[in-house]
Amino acid sequence: MQPLFFNNVAIEAVECVLPTTVVTSAQIESQLSATMVRIGIKPGMIQGLTGIRERRFWDAGQQASDVATRAAEKVLAKADIPRDAIGCLISTSVSKDYIEPSVASLVHGNLGLADHCISYDIGNACLGFVNAMASVGMMIDSGFVDYGLIVDGENSREVVEATIDRLSRPDATAEAFRDQFATLTLGSGAVAMIVCRCELSTSGHRINGAVTRAATRHSRLCLGQRDYMTADASKVMLFGVDLAKQTWDLAGRVLANWSDDEIDAYIPHQVSQRNMDVLNEKLGLTPQKHHLNFPTLGNIGPAAVPITLNQAAETGRVRPGNHVALMGIGSGLNCSMMSVTW
C-alpha cells in the first residue's frame, strides 16, 4: 500500500470535553466482589493488570451527538472561524445515538452548519479519528474543501453497567469474566478538531503523511454491541503489536524523519500499561516520549488519540516545531501512523 503525503494540510485546533463523573476501578470491583470471590479473583485486579485507576462516565441520558456537539462548539470558538467555512463534518464515534441517522448529521444540525457542508460517519473502531484526519486531508489537498471538522463522542456508561450487571449474576463464570474484562477498562470523552489548508492556518501544525496496514484475519478477536463487548485481550495485544511493528517499519521506509531518535513525542491510542510496555519493546520506542492518560481516562476508543494530543499540547509536552507521531491500532485489526510537525 502506498503512503499518503499531504502538501497543504494543517491541524488548526483541537479541543476536548471530559465527563465529571469519575468511576474508580475499586468501585467497579466492589460491585463485582461476590463473583470475584466465587471465581477466585483477588481485589485490585483491574488496576493491577491494566494500570487504570479510574475512568469517566457522562450523566445518564447523554448521547454521543450531545457531547460531540459540546466539543465542536469549543473548538469552533477557539479557531474563531465562521461556521459556513466548514466544508465537511465527519464523526468517528463508536457510540451511536441511533443506527440512523449518522451522528455526524445530528451534530451538523445541532451546530447549524451550512447546507453545502457534507457530513457522514467513519467507523473503524479505535482508529476512526486518524482515518478521518487522512480523509479530510485528502479533500483539502484536492481543493474540495478549505476547512474540515472532525468530532467524536464516546459514552461507555451503558456497556460497562450492562457488563457489571451480567458479571454480578450468580451464574457468571470465570470464562465470561475473562471474555468481558476489557469492557471494564472503557472510559468516556468527547473531542473535536478543525483541519484546514496551511495558508488559512494560524497554528502552523502541519500533517506530513500517514501509513496504514491491515490484518483482518484477526477481525473477530474483539466484538462489540451497544451493551455487550467480548475480547480476547491477549491475542488482540499480540497480533495488534505485530501489526504495529509492520506499520512502524513501513513508516520508517517512506516517511521523513521517522525513527525513535527523530520523533519528539508519541500520541498513542492507549489501552493499558501492559500494552504500552509490549509496544515500546517491540518497536524500540522511548517510553518517556509517550503522553499517557489511560490511568485516569481508561480506554476512550477513537477519542483517545485527539484527546491525548490536546492534553499534550496544553501541558507543554508537545511544543511548536516538535515532530509528533500519532499512532493507533483498532479492532479489525487495522493500524495507522501519522507524522505531524507541531
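Owing to the predicted nature of the structure, the values given are computational and were not obtained by experimental measurement.

### Notes on the UniProt feature "domain: Beta-ketoacyl-[acyl-carrier-protein] synthase III C-terminal" (unreviewed entry) in the protein chain
Piece 1. In the UniProt entry, the feature "domain: Beta-ketoacyl-[acyl-carrier-protein] synthase III C-terminal" (unreviewed entry) is given for residues 256-342.
Piece 2. As annotated, residues 256-342 has a helix share of 30% and a strand share of 23%, and its two end C-alpha atoms lie 15 Å apart.

### Some words on the packing of aromatic side chains
Piece 1. Summed over the entire model, instances satisfying the criterion amount to two aromatic pairs.
Piece 2. Relative to tyrosine 266, the ring of tryptophan 248 lies with its centre 6.2 Å away and its plane at 55°, an arrangement referred to as tilted. Here tyrosine 266 lies in strand β12 (residues 265-268) and tryptophan 248 lies in helix α9 (residues 233-254), a separation of 18 residues in the sequence. Taken individually, tryptophan 248 and tyrosine 266 each receive the classification buried, so the pair is uniform in this respect.
Piece 3. Here the aromatic cluster, defined as three or more aromatic residues joined through ring pairs, consists of Trp248, Trp258 and Tyr266.

### Quick look at the pattern of salt bridges
Piece 1. Tallied over the full model, the rule gives twelve salt bridges.
Piece 2. The residue arginine 157 makes a salt bridge to glutamate 161 at a minimum N-O spacing of 2.9 Å. Of this pair, arginine 157 and glutamate 161 both sit in helix α7 (residues 157-167), four residues apart, which is roughly one turn of the helix.
Piece 3. Note on arginine 157: relative accessible area 19%, which makes it buried.

### A word on the nonpolar core
Piece 1. Counting 39 residues, the largest nonpolar core has Met133, Ile207, Leu326 and Met338 as its most contacted members.
Piece 2. When residues in this core are grouped by element, the largest group, eight residues, is from helix α6 (residues 128-142).
Piece 3. Discounting residues that sit within four places of it in the chain, methionine 133 has contacts with Ile11, Ile150, Met193, Ile207, Leu326 and Met338.

### Things to note about the environment of leucine 250
Piece 1. Residue position: leucine 250 is located in helix α9.
Piece 2. As a C-alpha pair, leucine 250 and glutamine 2 span 248 residues in sequence and 9.7 Å in three-dimensional space.

### Details of the pairing of strand β8 (residues 189-197)
Piece 1. In terms of burial, β8 is a largely internal element, nine of the nine residues being buried.
Piece 2. Here strand β2 (residues 9-17) runs beside β8; their pairing, made up of eight bridges, is antiparallel. Within β8, the position partnered with isoleucine 11 by the bridge is valine 195.
Piece 3. Bridge count for strand β7 (residues 147-154) against β8 is eight bridges, and the pairing is antiparallel.

### Comments concerning the environment of tryptophan 342
Piece 1. For tryptophan 342, the location among the structural elements is in the segment after β14 (334-341).
Piece 2. As a C-alpha pair, tryptophan 342 and arginine 206 span 136 residues in sequence and 6.4 Å in three-dimensional space.
Piece 3. Setting aside chain neighbours within four positions, we find tryptophan 342 in contact with Ile11, Gly204, His205, Leu309, Ala313, Val318, Arg319, Pro320, Gly321, Asn322 and Val324.

Scoring rules and cut-offs
Residues numbered from 1 in each chain as written. Predicted model: local features only at pLDDT ≥ 70, side-chain atom pairs only at ≥ 80, totals over all residues. Heavy atoms only, no water. UniProt positions renumbered as here; feature names shortened; annotations may be inferred. Helix = DSSP H or I, 4+ residues; strand = E, 2+ residues; numbered from the N terminus. Phe/Tyr/Trp six-rings, centres within 6.5 Å; stacked < 30°, edge-to-face > 60°. Buried < 20%, exposed > 50% of the residue type's maximum accessible area, 1.4 Å probe, protein only. Salt bridge = Lys/Arg side-chain N within 4 Å of Asp/Glu carboxyl O. Core = buried A, V, L, I, M, F, W, Y, C linked by side-chain atoms within 4.5 Å. Contact = heavy atoms within 4.5 Å. Pairing = 2+ DSSP bridges.

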